[in-house]
Amino acid sequence: QVQLVESGGGLVQAGGSLRLSCAASSSTICISVMGWYRQPPGKERELVATITNRGSTNYKDSVKGRFTISRDNAKNTVYLQMNSLKPEDTAVYYCNTLRCDGLYMYWGQGTQVTVST
């Protein structure tokens, strides 16, 4: 069983920046896709960004140009740099990873990001 440990959430003013980190408890397990999802208050969970183990990225349209996803394959760690934050970015952010065999997906416990006006 792999655990994902997230950090970096918090309260920030609009226009500010935060950096989220998510580390897998095992550095040897093969992970193909790592990503971030978020769940705004009263809404469904939604995809924010993903990155493959080859570095290919995908972003939700509303965060393109403001958020950057990256990963350290040796550490099985994924990051989300969030700039120019807006109040609508307020949500619980969840880390997500997919094992290379595609048979199992892991979720982090979630970290709160609150953007004030």
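Residues numbered from 1 in each chain as written. Predicted model: local features only at pLDDT ≥ 70, side-chain atom pairs only at ≥ 80, totals over all residues. Heavy atoms only, no water.

1. Describing the pattern of salt bridges
Defined as follows: In the sections that follow, a salt bridge refers to a side-chain nitrogen of Lys or Arg positioned within 4 Å of a carboxyl oxygen of Asp or Glu. Helix and strand assignments come from DSSP, with helices taken as H or I runs of at least 4 residues and strands as E runs of at least 2, each series counted from the N terminus. Three exposure classes are used, based on accessible area relative to the maximum for each residue type with a 1.4 Å probe and protein chains only: buried under 20%, partly exposed in between, and exposed over 50%.
Counted under the stated rule, the structure contains six salt bridges. The salt bridge involving aspartate 89 is made with arginine 66; its shortest N-O contact spans 2.8 Å. Here the residue aspartate 89 occupies a position in the loop between strand 8 (77-82) and strand 9 (91-99), and arginine 66 occupies one in the loop between strand 6 (57-59) and strand 7 (67-72), the gap between them amounting to 23 residues. Judged by relative accessible area, which is 1%, aspartate 89 ranks as buried. Judged by relative accessible area, arginine 66 falls into the buried class, the value being 11%.

2. Details of the sheet that holds strand 7
Applied cut-off: Think of it this way: DSSP has to see at least two bridges between two strands before they count as a pair. Every axis in this analysis is a line fitted to C-alpha atoms, fitted for helices over the stretch in contact. Angles between the N-to-C directions lie between 0 and 180 degrees.
In space, the four strands of this open sheet follow the order 1-3-8-7, with antiparallel pairing throughout. Strands with a single pairing partner mark the edges of an open sheet, and in this sheet they are strand 1 (4-7) and strand 7. Within the sheet, the average angular offset between the axes of one strand and its neighbour, ignoring direction, is 15°. Taken together, the four bridges between strand 1 and strand 3 (residues 18-24) define a ladder with antiparallel strand orientation.

3. What about the state of the cysteines?
Where we set the bar: Any two cysteine sulfur atoms within 2.5 Å of one another count as a disulfide.
Taken as a whole and judged by the stated rule, the model has two disulfides. Between the sulfur atoms of cysteine 30 and its disulfide mate cysteine 100 the distance is 1.8 Å. In this structure, the disulfide formed by cysteine 30 and cysteine 100 twists by about -70° around the S-S bond and is classed as left-handed. Residue cysteine 30 is found in the loop between strand 3 and strand 4 (31-39), and its partner cysteine 100 is found in the loop between strand 9 and strand 10 (105-107); the two are separated by 70 residues along the sequence. Residue cysteine 100 is classed as partly exposed on the basis of its relative accessible area, which comes to 33%. Sequence-ordered numbering of the bonded cysteines in the chain gives a pairing of 1-3, 2-4.

Interpretation in functional terms is not warranted from these geometric data alone.
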